[in-house]
Every structure is written in C-alpha cells, then in structure tokens.
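Below, each chain spelled out in residue letters.
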Amino acid sequence: MANLKPAMVADQSLEAITPPSRAQRLGQFLQALLRSPGAKVGAVILLLLFAVAIFAPAIAPFEPSQMNVGPALSPPSAEHWFGTDNFGRDLFSRVVYGSRLTLMIGLVAVGISMTVGVVVGLVAGYTEGWLGNILMRAMDVLFSFTETLIALATVAVLGPSLRNAVIAVGISSIPYYARITYGAVLVEKNKEYFRAAKTLGARHGRLIFRHLFPNILSPIIVVATVGVSVAVLSASALSFLGLGAQPPSPEWGAILAAGRDYFRRAPWITTFPGLAIAVSVLGFNLLGDGLRAALDPQQRQS
Amino acid sequence: MTRYFFKRLLSGIFTIWITTIAVTLLIHLVPGDPVQIMYAQSQSTTPEQLEQIRRNLGLDRPIYEQYIMYMGRILQGDFGTTIRGNQPVLDLLLVRLPNTLLLTTASLVVTIVVGVTAGFFAAYKRDTWIDSTLMTAAILGISVPSFWLGLMLMYIFSMQLGWLPVSGTSLRNLILPAITLGLANAASVSRLTRSSMIDVLTQDYMRTARAKGLKEGTVLSRHALRNGLVNVVNMLGLQFTYMMGGAIVVENVFAWNGIGRLAIQSIFQRDYPTIQGFILIFATVVVVVSMVLDLLYVWIDPRITYK
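Everything numeric here is computed off the predicted structure, so don't read it as measured data.

As for the overall build of chain A
When its secondary structure is counted, chain A shows 14 helices and zero strands. Ordered by position from the N terminus, the helices and strands of chain A form the series α-α-α-α-α-α-α-α-α-α-α-α-α-α. Dimensions along the principal axes, computed over C-alpha positions, put chain A at roughly 75 × 45 × 30 Å. Every one of the 302 residues in chain A was classed for burial, and the buried ones make up 48%. The long-range fraction of contacts in chain A, counting pairs at least 24 apart against all pairs at least 6 apart in sequence, stands at 70%. Of the side chains in chain A, 23 bear a positive and 15 a negative charge, and the two mean positions are spaced by 6 Å.

Section: the overall build of chain B
Looking only at helices and strands, chain B has 12 helices and zero strands in total. Counted from the first residue to the last, chain B has its helices and strands arranged as α-α-α-α-α-α-α-α-α-α-α-α. The 307 residues of chain B split such that 49% are buried. Expressed as a percentage of contacts within chain B between residues at least 6 apart in sequence, the contacts between residues at least 24 apart total 73%.

Brief notes about the packing of aromatic side chains
Applying the stated criterion to the full structure yields 12 aromatic pairs over all chains. Aromatic pair Phe 14 of chain B and Trp 17 of chain B: ring centres 6.0 Å apart, planes at 50°, arrangement tilted. In this pair, Phe 14 of chain B and Trp 17 of chain B both sit in helix 1 (residues 2-29), three residues apart, roughly one turn of the helix. The class of Trp 17 of chain B is partly exposed, set by a relative accessible area of 41%. Put simply, the rings of Trp 81, Phe 82, Phe 92 and Phe 272 of chain A touch in pairs and so form one group of aromatic residues. Taking the ring centre of Phe 143 of chain A as reference, the NZ or CZ of Arg 179 of chain A above it sits at 4.0 Å.

Remarks on the interface of chain B and chain A
Every contact between the two is made by 41 residues of chain B and, on the other side, 38 residues of chain A. A combined buried area of about 3500 Å² lies between chain B and chain A, and 78% of that area is made up of carbon and sulfur atoms. Considering only the side of chain B, the residues that lose the most area to chain A are Phe 147, Trp 148 and Ile 267 of chain B, jointly responsible for 17% of the buried surface there. Linking Arg 191 of chain B and Asp 289 of chain A is a salt bridge whose minimum nitrogen-to-oxygen distance equals 3.0 Å. Across the contact surface, chain B and chain A share seven residue pairs in polar contact (both at pLDDT 80 or more).

Here's the deal with the pattern of salt bridges
Here the structure, examined in full by the defined rule, presents 13 salt bridges over all chains. The shortest N-O distance in the salt bridge between Arg 207 of chain B and Asp 204 of chain B comes to 3.0 Å. Linking Arg 207 of chain B with Asp 204 of chain B, this pair stays in helix 9 (residues 204-211), spanning three residues, or about one helical turn. Overall, Arg 207 of chain B belongs to the exposed group, its relative accessible area being 58%. Sharing partners across several salt bridges, the network here consists of Asp 85, Arg 89 and Arg 94 of chain A.

Quick word on the nonpolar core
In terms of nonpolar packing, the biggest core is built from 130 residues, with Leu 238 of chain A together with Phe 147 and Phe 278 of chain B touching the most fellow members. With residues near it in sequence (within four places) discarded, Leu 238 of chain A still touches Ala 151, Leu 152, Val 155, Ala 165, Ala 168, Val 169, Leu 243 and Gly 244 of chain A. Of all hydrophobic cores here, the second largest spans 12 residues; its members include Val 118, Leu 207, Leu 212 and Ile 220 of chain A.

Brief notes about the confidence of the model for chain B
Any region with low pLDDT has predicted coordinates that should not be read closely. For chain B, per-residue confidence averages 86 on the pLDDT scale, and 96% of positions sit at 70 or higher. Both scores are given for the predicted complex: the pTM is 0.87, the ipTM 0.88.

Side note on unusual backbone geometry
The step from Pro 247 of chain A to Pro 248 of chain A runs through a cis peptide bond, and the omega angle for that step is 5°. Of note, Pro 248 of chain A is situated in the loop between helix 11 (204-240) and helix 12 (252-259). Non-glycine residue Asp 127 of chain B carries a positive phi angle of around 65°. One can find Asp 127 of chain B in the loop between helix 5 (89-124) and helix 6 (129-143). Relative accessible area serves as the criterion here: at 65%, Asp 127 of chain B is assigned to the exposed category.

Overview of helix 11 (residues 259-268) of chain B
Each α-helix turn comprises 3.6 residues. Residues three or four places apart therefore point the same way. Counting buried positions along helix 11 of chain B gives seven out of 10 residues, so the element sits mostly inside the fold. Listed as buried for helix 11 of chain B are Ile 259, Gly 260, Leu 262, Ala 263, Ile 264, Ser 266 and Ile 267 of chain B. Against helix 7 (147-158) of chain A together with helix 5, helix 10 (216-254) and helix 12 (272-300) of chain B lie the buried residues of helix 11 of chain B.

Regarding the packing of helix 8 (residues 162-172) of chain A against helix 11 of chain A
All names here are of chain A. Packing of helix 8 against helix 11 leaves a shortest axis separation of 9 Å and a crossing angle of 135°. Compared by their axis directions, helix 8 and helix 11 come out oblique. For the element pair helix 8 and helix 11, the recorded crossing hand is right-handed. Each of Ala 165, Ala 168 and Val 169 in helix 8 lies in contact with helix 11, whose residues at this interface are Ala 231, Ser 234, Ala 235 and Leu 238. Of the residues in the contact of helix 8 with helix 11, the class split is six nonpolar, one polar and no charged.

Details of helix 7 of chain A
Residues and elements named next belong to chain A. Between its terminal C-alpha atoms helix 7 stretches 16 Å, which fits the 16 Å expected from 12 residues at 1.5 Å a residue. Along helix 7, nine of the 12 residues are buried, which leaves the element largely enclosed by surrounding structure. Of all the residues in helix 7, the buried ones are Leu 149, Ile 150, Ala 151, Leu 152, Ala 153, Thr 154, Val 155, Ala 156 and Val 157.

Description of a positive patch on the surface
Residues and elements named next belong to chain A. A cluster of like positive charges, contributed by Arg 22, Arg 25, Arg 206 and Arg 210, occupies part of the molecular surface. Looking at the positive patch, the elements with two or more residues in it are helix 2 (22-34) and helix 11. Counting through the fold element by element, Arg 22 comes out in helix 2.

A short note on the packing of helix 13 (residues 268-295) of chain A against helix 7 (residues 146-160) of chain B
It is the contact of helix 13 of chain A with helix 7 of chain B, at a shortest axis distance of 10 Å, that shows an interaxial angle of 140°. One way to sum up the angle between helix 13 of chain A and helix 7 of chain B is to call them oblique. Both helix 13 of chain A and helix 7 of chain B take part in a crossing whose hand is left-handed. Packed against helix 13 of chain A, whose contacting residues are Thr 270, Thr 271, Gly 274, Leu 275 and Ile 277 of chain A, the element helix 7 of chain B presents Phe 147, Trp 148, Leu 151 and Met 152 of chain B at the interface. Class assignment for the residues of the contact of helix 13 of chain A with helix 7 of chain B results in six nonpolar, three polar and no charged.

Some points on the side chain of Asn 252 of chain B
Relative to the elements of secondary structure, Asn 252 of chain B occurs in helix 10. A polar contact is formed between the side chain of Asn 252 of chain B and the backbone oxygen of Ile 248 of chain B, at a distance of 2.7 Å. With sequence-adjacent residues up to four places away left out, Asn 252 of chain B is seen in contact with Leu 241 and Arg 260 of chain A together with Gly 260, Arg 261 and Ile 264 of chain B.

Cut-offs and rules
- Residues numbered from 1 in each chain as written.
- Chains lettered and ligands numbered in written order.
- Predicted model: local features only at pLDDT ≥ 70, side-chain atom pairs only at ≥ 80, totals over all residues.
- Heavy atoms only, no water.
- Helix = DSSP H or I, 4+ residues; strand = E, 2+ residues; numbered from the N terminus.
- Buried < 20%, exposed > 50% of the residue type's maximum accessible area, 1.4 Å probe, protein only.
- Contact = heavy atoms within 4.5 Å.
- Lys, Arg positive; Asp, Glu negative; His and termini not counted.
- Charge placed at Lys NZ, Arg CZ, Asp CG, Glu CD.
- Phe/Tyr/Trp six-rings, centres within 6.5 Å; stacked < 30°, edge-to-face > 60°.
- Lys NZ or Arg CZ within 6 Å of the ring centre and 35° of its normal.
- Buried area = accessible area lost by both parts, 1.4 Å probe.
- Salt bridge = Lys/Arg side-chain N within 4 Å of Asp/Glu carboxyl O.
- Polar contact = N/O pair within 3.5 Å; in protein donor to acceptor, adjacent residues only side chain to side chain.
- Core = buried A, V, L, I, M, F, W, Y, C linked by side-chain atoms within 4.5 Å.
- pLDDT = per-residue confidence, 0-100.
- Axes fitted to C-alpha atoms, helices over the stretch in contact; angles between N-to-C directions.
- Parallel < 35°, antiparallel > 145°, perpendicular 65-115°, else oblique.
- Left-handed = near helix turned anticlockwise from the far one by under 90°.
- Nonpolar A, V, L, I, M, F, W, Y, C, P; charged D, E, K, R; others polar.
- Expected span 1.5 Å × (residues − 1).
- Patch = residues over 30% accessible without salt bridge, like charges linked within 9 Å, V, L, I, M, F, W, Y side chains within 5 Å.
- Areas by Shrake-Rupley, 256 points an atom, 1.4 Å probe, with all protein chains shown as cover.

Next up, the structure:
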C-alpha cells in the first residue's frame, strides 16, 4: 500500500479504513500462527534444527568422520551420548553434522519441485488452451506413476549419489505443486480484481507477477512447508536403500543403513538417526499444519 | 456409468502407453554408455562383446525402431532377460508380484482398521483428550520414517521378545511388514477420516436420527459411519498407490521377496532390462487397481453419477 499516490489518501476520512501495513499484517499472521500449540512446538523444533546445523562444529565434540575416537560399537555413555559405530566414530557428532545435509536436502528438493511445478501450473492455468491441456495431462500421467516410482527411475538413470537423490526427490514432487498452482490460478482468474486488471489493459507480466502470483502464494507456502518433510523422508529412504548419500557421509538415512549390519549388537546406530529424522520431519509437519490453519480465512474467523 | 468406465479405461491405457515410451527413453537418458555401465560391475567384457550386446539390445538402431521392437516384444510377453544370469525379466517379476500384492493388501487392511477407527473416535470425541491424543499420535505417525519404524518393530518383536521372525517371505513373516506399512499410512487416513466424520456428525440428518429416538449405536453405525466411509472408499485408490510405493522400502527392510526388493537390486546392478520391466509392471498394477477401486466407489455410492 506504500505506493499509493498522496492525492489518493489525502481525504482524512479514508484513513479510518486504510488497510493494515505490511508489518501489522505480518504481526497478526504470526499471532494467528502461534496460537496453535502444535505450530509453537514445530517452530521450536525447526529453530533448534537450524541452530544445530549452523553451529555444528561448536556442538559436535568430534569430527563426524574421525575414526577411533572411542572404542568401536560402544553404547551411549557420558562421553559418547549416542554411542559409537563400528569404526569408533562418535555417533552424536555424526548426527549433529547430518542435520546440515538434511536441511540442504529438504530445501533444495522442495526448491526444485516448487519452482518447476509453480511455473508449469502458472503457465497451464494462465494460458489454458492446448498448451495448458498438454502440460496438465503430462502432470496427471506423472502423478499416477507415484512419487516413489519417479524418484527410483531418476536414480536408475543418473546413478546412486546424494546429489542425484535430491534431484530425484525434487522431480518426483513436481506434479503435486503444478496441480496446486493450476487449481489456485483457475480460481483467482475468475475473481473480479483480476478481470478488472485485465480489462484495464494490464500486460501479461503484470497480470501474472503483480496479480496472480501474490494471491496463489499462501497455498503454495503451506504445501512447501509440509513438502520439506516429505522430501526429507523420501531422500532418507533413498539413502537407506543405498541409492542416495554414500558412506562415510553422515546423512541420517545412510548412517541408519550402515548400522543395520550391527543392528543386533549396536541398535543405537540405527535408533538415533531415525529419531533425528522423525523429529525434524515432525517440526515441518507441525509448522505446516499451523500455517494452513493461520492462512485459512475460514478457520481464522472461528 | 458405461461412459465413465470407458473414459477411465482410455486414460488408463494412455498412461500405460506413455510408460512404455518413457521406459524406452530411460536407457538413452543414462549419462555415458549404458552398455558399458551395465557390464562394468560384472566380468571384464571385451569391446567386441559389448558391441554384440548393444546389437542384441537393439541399441544401435534409431530410437523409433527400438520402440517398435520393444513394443512388439512386450506384446508377446517378452520383457527381455536380466544382465546377469540371463533370466527372463517377466518371469522374475511375476513370481514376486503376488508377494508385493499380498503385502500391500494386508497393509491396506491394517491402514483402514486402525486409521478409520482412530479417525472415527477422534471425530466423535472431538475436542476432548481422546481427540488430541489420537491426532498427536497421527502427526507423529506421519513423521516417522517407515524403514525406521520397521527396524524398531523388528528389534522389539523379533530380537528382544522373539515372537516373530526377523525376515523372509512367509505368512508369519507378513505380520511385521504389514503393520509397518499399514501404520505409516493409517496416520494420514485417520486425519482424513476425522475431518470427513466431523462433517457428517454435524449434518441435520444426524439430529433427526437422534430425535427419532434411535439408539446412539444405531445412529453412529447406520447414519454416521456409512456416510463417512464413502469418503474413505474414495481415497482407497490413492492409498493403494501409496502402499505400492511404500512397499518398495518396507520389502527391503524385512527382506520380503517382492518386486520392490528386485527393483532396488537391479538399480544397484544397473540391470536396465529388469528396471524397465519393473517400472512397466508397477505402473500397470497401479493404474489397473486404482481404476477398479474408483469404479467400486461409483458403484457403492448411488449419489454419484458420472456423465
């Protein structure tokens, strides 16, 4: 609202109905978001997760790949909180460093699927016609393949590695974002403000970026937040299957997979990375649920 | 109904047709020489032998010719042979497919029983501690990786208590993988059931049924559950699809001898004929089963008429 010309706000009586400023709206939104206990817990988990990732070198007592810092396969103790693995590496340090990989994986994978999906959905929804039809048909076909199959096929083509697993997970969710965007665009296109802007002769670029995009953003943000949790789960599953991060990477799925050989003797190697995955994913899920409730006008009123 | 059926059938056939094209292109998208990659891990192969293999696989011909050849072979039930051992791919897949279907079906039963029951009670006892406990459990369930849940269940029930075998492919072995895969999906089903039941429970006909003096049990089972379950049946197709995807991971946790386990092995070995066959079979099963479940839904709910 800052770009309104002075002449338009000169009338004092208008001030009473001036919409809240951006900062005010953000404050209201955060209030609505943090009203739910779930979102609070989620936000705390994610803050901790980011803190651990950023300050990993300060938090971890050992280097993640340093061997024989303690006796091999020793159970959790005061010195090695999560125990040690078969190479005598400190599991706590490995899990701490693994948080960096997990966040990177989740954010990059969602970045890929969201960017491509939103562009496809926007183009398909904005143009409709034959191009939109073809694009959405293609998304339907991809959707019916299921995310797992798309991810596996991608890894089968590119070969197993962490980078390729992230790409695979990113590609596998594209249809999902495309569908959400497409649906939202179709709704917004028929609203009065959009028709008005169009009638006034706004150019395509302005229509898309100034009018459509800001209005379809909130469902996409919700989907993307929960999407990070889905991406983390899928990527760690690929690593667990040996198709993602490779040893000695401290990626949580990879640690878990390597620990399977010592499952009977040293169950802590599989337990802690799994817990770390579950807690991180829970954080994104809780925050996603909270965002959905806070952004949904129907729920906000009640 | 007939028209809907044919429309659904056509789109299913379309999807499978696209899959055959994707599967043919797959091998060409591999960076580098696929033949060399395929044989790199096995015995040392001479360049002449590699040329021979390339010819046998038809990789020296133009893509459209390869596609026609591949389609011709598939329609005759020839999915090629594995890179190591030269076994027919279709036989390998068909031997394991029933195991995967058994696992997914058993898991679907666990999902529905646990998910619908939890969702129903959460909705019925809405905003009480029962509701919040169940929904907390549900969001935890969504967040736990299935492979980890499987390993933890295996540790408790097989290794510590010794009640169930660790791994293998028999009926006794089915219990843990089915619970693992079922619980993973039950969490999301319970959330969906809850919201759909809350809709139903606040309908006018519920009040009418109670006002008529019907017993609470009758009101719930005849009026609430029946209407609420329509939505659950509607998601069955999608749930089955998720199950098939999840089965790939869970089969590998419990060494359950299904097509998912074969798929991961063949990706490791870069066994492209097997990978191609797997993708084709997987996509076909998903398309066919979700089509059948969707038709079932239309048949069950008389309110829905597809024109």
